[in-house]
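Here's the letter readout for the chains.
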Amino acid sequence: MFKRIVLTALAFASIRLIATAELAHKTENVVLITIDGLRWQEVFTGMEEQLATRDYGVWDTNRLRGWFWRETSDDRRQALLPFVWNTIAKQGQIYGNGNKGSVSMVTNGKKFTYPGFNEIFTGSPDGRIDKNEKRYNPNVSVLEWLHRKPAFAGRVVGFANWEVHPYILNTQRSGIPVWSGFDTNFAGAPGSRLELVQQLQRDTIQIWYDMSFDAFYFHAANEYMKEKQPRLVWLALSETDEWAHGGNYEHYLQAANNADRYIGKLWNTVQSLPAYKDKTTFIITCDHGRGSGPEWKHHGGDVVGAEKTWLAVIGPDTRPLGERSNIATVTHSQIAATLAALLGEDYHAAVPKSGAPIQDLLPAATTK
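What comes next is a walk through the structure.

Cut-offs and rules
- Residues numbered from 1 in each chain as written.
- Predicted model: local features only at pLDDT ≥ 70, side-chain atom pairs only at ≥ 80, totals over all residues.
- Heavy atoms only, no water.
- Core = buried A, V, L, I, M, F, W, Y, C linked by side-chain atoms within 4.5 Å.
- Buried < 20%, exposed > 50% of the residue type's maximum accessible area, 1.4 Å probe, protein only.
- Helix = DSSP H or I, 4+ residues; strand = E, 2+ residues; numbered from the N terminus.
- Contact = heavy atoms within 4.5 Å.
- Pairing = 2+ DSSP bridges.
- Axes fitted to C-alpha atoms, helices over the stretch in contact; angles between N-to-C directions.

### So, the nonpolar core
Note that soluble globular proteins tend to have their nonpolar side chains buried in a common cluster.
Next, step 1: Counting residues in each nonpolar core, the largest one holds 64 residues, and the members touching the most others are Ile33, Phe159, Tyr249, Phe282, Ile284 and Trp310.
Next, step 2: Top element by residues in this core is helix H13 (residues 249-272). It accounts for 11 residues.
Next, step 3: Setting aside residues up to four positions removed in sequence, Tyr249 forms contacts with Glu42, Gly46, Met47, Glu48, Leu51, Ala52, Tyr56, Val58 and Trp296.

Structure below.
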């Protein structure tokens, strides 16, 4: 009799623990947002005064200072990225402030775009990925891995501002629709607001041969999410990297400020839709860092500091620990498993060479 009572009690306890774990896990959707080559320096300290000169493309220094210069680094970063610092810093977590003992970094050693995205999406670097070229990625990304599961099939999508992005996700094999405005497997949407955005992108003069303006991709993602409500969205913004390579610090800062505004608007969209409200996590990061001082324009294997990045996360399962300090290094190789874990899937177990999930970003019931 006593044994039966004990077993019954244990059974009820197990059911309660399982129910508690399920209750603790709230994320059903993830939006991954990448801002190409945005330095951790601007994210955490705002506009850098020594770069705000005509030598770096600033035509009207007084106007730029009025927009983004403030006396303290906290005020400068808030002026540049108000959503990050007014919302994510209060409701989520931000990693990568090297001045406060928080390091976020890529591990691929290449420190440029394709290797950076491969590491983000697959959880490990690959020496074969050594050029920014339109070559289909031989590796299976976490997005493709999830897309193969019934719960995510047909509900994964990308809006990516660079002609190589569909190749990084290997749309030929994965079947994930990625709208880049160039080679794309993304179906049209006749008569919709999304189709209008696509038409505007096609009718706009190209400044760059391989990409366009970030605004088109934000609006496309925003309209698609309202209409189709996918579970996993990748939004890749790229202007920051192009303006930096061109040595235009003013446009670089404007692109960063715009990206912050787009993210805030997308967050507002998510919170207005029952399918997403309080069920969606945003993961925001970059694919590589950049150099310091005059080297701010550059990145790559020989650029000191270009491995340093940043990571911001906000969602119902991520505790509001704000700006992290004096913690262990986090790497981009951990993002894939973290993304999957937030959706209740164990990518790290399926792909052991991937980095382990960042436990502080996960629901307490799933941490070990």
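### Concerning the pairing of strand S1 (residues 29-35)
Next, step 1: For S1, the buried fraction is high: 7 of the 7 residues fall into the buried class.
Next, step 2: The sheet contact formed by S1 and strand S6 (residues 232-237) spans 6 bridges and is parallel. Bridging across to S6, Leu32 finds its partner in Trp234.

### Thoughts on the sheet that holds S1
Next, step 1: Overall, mixed pairing links the 8 strands, which are arranged S5-S4-S6-S1-S7-S9-S2-S10 in an open sheet. Every interior strand has two partners, whereas the edge strands, strand S5 (178-179) and strand S10 (322-323), have only one.
Next, step 2: When strand S7 (residues 280-285) meets strand S9 (residues 311-314), the two strands line up antiparallel, connected through 4 bridges. Counted as the bridge partner of Phe282 is Ile314 from S9.
Next, step 3: Its contacts with the sheet place helix H11 (residues 214-228) against S1, strand S4 (156-160), S5 and S6, and it is angled at close to 160° to S4.

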